Amino acid sequence: MSPRTGRPTDNPKNERITVRLDVDSTTILDEYCKQETVERAEAIRRGIKKLKSDIKK
């Protein structure tokens, strides 16, 4: 029997990071998640994508 895997995806999330947040950042994150009905991981991914425009080429 083969090991069970999750649903196939076009965008696998293989990278894992751990961060420590201060109370203010956590409050902002949780308020955003509640407002947008998303999980913390998705909210953080969205925030990272917003940083793309700040990258100097």
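Located above this text is the structure these notes cover.
Let me begin by describing the structure that accompanies this report.

What counts, and at which threshold
- Residues numbered from 1 in each chain as written.
- Predicted model: local features only at pLDDT ≥ 70, side-chain atom pairs only at ≥ 80, totals over all residues.
- Heavy atoms only, no water.
- Helix = DSSP H or I, 4+ residues; strand = E, 2+ residues; numbered from the N terminus.
- Rg over C-alpha atoms; globule rule 2.2 N^0.38 Å.
- Buried < 20%, exposed > 50% of the residue type's maximum accessible area, 1.4 Å probe, protein only.
- Areas by Shrake-Rupley, 256 points an atom, 1.4 Å probe, with all protein chains shown as cover.
- Lys, Arg positive; Asp, Glu negative; His and termini not counted.
- Charge placed at Lys NZ, Arg CZ, Asp CG, Glu CD.
- Axes fitted to C-alpha atoms, helices over the stretch in contact; angles between N-to-C directions.
- Parallel < 35°, antiparallel > 145°, perpendicular 65-115°, else oblique.
- Contact = heavy atoms within 4.5 Å.
- Salt bridge = Lys/Arg side-chain N within 4 Å of Asp/Glu carboxyl O.

Moving on, we come to the overall build of the protein chain. When its secondary structure is counted, the protein chain shows two helices and zero strands. Taken over C-alpha atoms, the radius of gyration comes to 15 Å for the protein chain, far larger than the 10 Å a tight globule of 57 residues would show. When its C-alpha atoms are laid out on the principal axes, the protein chain stretches across 50 × 35 × 20 Å. A burial count over the protein chain gives 7% of its 57 residues as buried. Summing over all exposed atoms, the protein chain offers an accessible surface of approximately 6,300 Å²; the carbon and sulfur share of this is 51%. For the protein chain, the distance from the average position of its 14 positive side-chain charges to the average position of its 10 negative side-chain charges is 6 Å.

In helix packing, the relevant descriptors are the interaxial angle and the interaxial distance, both defined with respect to the helix axes. Between helix α1 (residues 23-36) and helix α2 (residues 40-50), the shortest axis-to-axis distance is 9 Å and the interhelical angle comes to 105°. Compared by their axis directions, α1 and α2 come out roughly perpendicular. Taken together, the residues of α2 that come into contact with α1 (itself represented by Thr-26, Leu-29, Asp-30, Tyr-32, Cys-33 and Glu-36) are Arg-40, Ala-43, Ile-44 and Arg-46.

Right, let's get into the pattern of salt bridges. As a working rule, side chains carrying opposite charge can pair if their charged atoms are close by. In this structure the tally under the stated criterion is three salt bridges. For Asp-30, the salt bridge identified is with Arg-40, shortest N-O distance 2.9 Å. In this pair, Asp-30 sits in helix α1 while Arg-40 sits in helix α2, placing the two residues 10 residues apart along the sequence. Note that Glu-42 and Arg-46 form a salt bridge whose closest N and O atoms lie 3.2 Å from each other. You can see Glu-42 and its partner Arg-46 sitting in helix α2, four residues apart, about one turn around the helix. Residue Arg-46 is classed as partly exposed on the basis of its relative accessible area of 31%. In the salt-bridge network here, residues are joined through shared partners; they are Glu-42, Arg-45 and Arg-46.

Attention now moves to unusual backbone geometry. Not every positive phi belongs to a glycine, and Thr-37 is a case in point at roughly 55°. Following the sequence through the fold, Thr-37 ends up in the loop between α1 and α2. Residue classification places Thr-37 among the exposed residues on the basis of a relative accessible area of 69%.

Geometric descriptors of this kind do not, in isolation, establish any biological role.
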